[in-house]
Amino acid sequence: MSTVARGRPAPPATGIDAGQVTRNREGEPDYDIHWPWHRPQRPGLTAVLRVRNEAHNLPWVLPPLLEAVPFVVIVDNQSSDGTLETAQRIVADLGAADRVTLTSYPFVVSRCGPEHLATPADSVHSLTHFYNWSFSHVTTAYAMKWDGDMVLTPEGVAAVRDLSWQLEGEEVMVLFPRLPLYIESESVGYLDASSRNMEPWIHPVGPAYTFVKGFDWEVWQHPDDMERLVMPLGTFVELKWLDHDEFAHWTDPSAFTDNRSPRKVREYHVHSTLRVGRADELDHVFRIEAPPGVHIVDHAARFWLPRHARGLPQPGRRNNGDGDEN
């Protein structure tokens, strides 16, 4: 791990109420933000998932996540597909009920883009308030932002488990390279090797590390000089199903722009192109076929990616599948 400064005092909070509680403008006391750093915090790492209609993903998402981190917070936001019940079943089957907090957020949350921009940050309908409220349930020194469609690989599980103890006493953000896996069927998927957007997924808990309102979505704030640790390529895949609306959380996907949301421009293009069966038009996209009896998600995350992560192509090269470049 990189050497980081120890014992550095956190800068004053910005963009939030620096007190113990931040109220919401609707006057919903159960959904005021009680900032967690005003409570005793234990060492370790807590993953926070904000989920909506992720029942189809959780059987792949939760088992490796619970293997990797000691604590998980799951916040369900008005799911209609049994997401919370699916999570409860998986947690019970894994014997992890004592490590998981399951709760609900009962308000419509503004979608990314214009809806988010028009919603006050202190509203229960704001992404900013929703994220800060969700992360207020963390009781450890570090939090891990995780999505309900992100699947850790075996390498990712091992890496995150190592971090859980290495982060003690240090202030560092941990970035993961994102690799989308587009799922065509139970046996066929497409991995986009060009989309390696780096995001901070693990960070300390404190007044210097909160979510504030950005232009299109919530923005995680942090000190400018904070130490960064970048995880290796191949620690997780992000599931994107071709028969699902993967952009329902955006006001208008057609309004994606290269200057503000280049990752979403790429995802929308790849998803739309694959849906109409034109995979041969896409650069850096691997077609992956699972062997009989193995689901494509299991095959890609547990077998294919661990073998190929270090050999994925660089920008400017086309791939014809199965790890062979031309």
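Scroll up to find the structure.
Residues numbered from 1 in each chain as written. Predicted model: local features only at pLDDT ≥ 70, side-chain atom pairs only at ≥ 80, totals over all residues. Heavy atoms only, no water.

**Here's the deal with the sheet that holds strand β16 (residues 285-289)**
The strand order across the open sheet formed by five strands is β7-β15-β9-β10-β16, and the pairing between neighbours is mixed. Edge positions in the sheet fall to β7 (150-152) and β16, since each of these pairs with one other strand and no more. Ignoring strand direction, the axes of neighbouring strands in this sheet form an average angle of 30 degrees. The pairing of strand β10 (residues 188-192) with β16 spans five bridges and is classified as antiparallel. Opposite glycine 189, over in β16, you have isoleucine 288 as the bridge partner. Contacts from helix α1 (residues 58-68) reach β7 and β15 (236-241), with the element oriented near 45 degrees to β7. (Pairing = 2+ DSSP bridges. Helix = DSSP H or I, 4+ residues; strand = E, 2+ residues; numbered from the N terminus. Axes fitted to C-alpha atoms, helices over the stretch in contact; angles between N-to-C directions. Contact = heavy atoms within 4.5 Å.)

**What to know about the sheet that holds strand β3 (residues 42-51)**
Within the open sheet, the seven strands sit side by side as β5-β4-β3-β6-β11-β8-β14. Their pairing is mixed. With partners counted over all chains shown, the strands left at the sheet margins are β5 (100-104) and β14 (227-230), one partner each. Put simply, the sheet's adjacent strands are angled 25 degrees from each other on average, direction ignored. Summarising the sheet, β3 and strand β4 (residues 71-76) pair through six bridges and their orientation is parallel. The residue bridging alanine 47 from the neighbouring strand is valine 72, located in β4. Docked against the sheet, α1 engages β3, β4, β5 and β6 (140-146), running at close to 175 degrees with respect to β3. Lying over the sheet, helix α4 (residues 127-135) contacts β3, β4, β5, β6 and β11 (198-204), oriented at roughly 140 degrees with respect to β3.

**Considering the packing of α1 against helix α2 (residues 83-93)**
Packing of α1 against α2 leaves a shortest axis separation of 10 Å and a crossing angle of 40 degrees. Classified by the interaxial angle, the pair formed by α1 and α2 is oblique. Considering how the two elements wind past one another, α1 and α2 form a crossing that is right-handed. Contact residues: α1 offers Leu58, Pro59, Leu62, Pro63 and Leu66, while α2 offers Thr83, Thr86, Ala87, Ile90 and Val91. (Parallel < 35°, antiparallel > 145°, perpendicular 65-115°, else oblique. Left-handed = near helix turned anticlockwise from the far one by under 90°.)

**Comments concerning the environment of valine 219**
Looking at the secondary structure, you find valine 219 in strand β13 (residues 218-220). Taking the C-alpha atoms as reference, valine 219 lies 7.8 Å from threonine 128; in sequence the two are 91 residues apart. Setting aside residues up to four positions removed in sequence, valine 219 forms contacts with Thr210, Phe211, Val212 and Gly214.

**Digging into the environment of valine 100**
With respect to the helices and strands, valine 100 occurs in strand β5. It is 8.8 Å that separates the C-alpha atoms of valine 100 and leucine 66, two residues lying 34 residues apart in sequence. Residues contacting valine 100, with those up to four places away along its chain left out, are Leu66, Val72, Ile74 and Val91.

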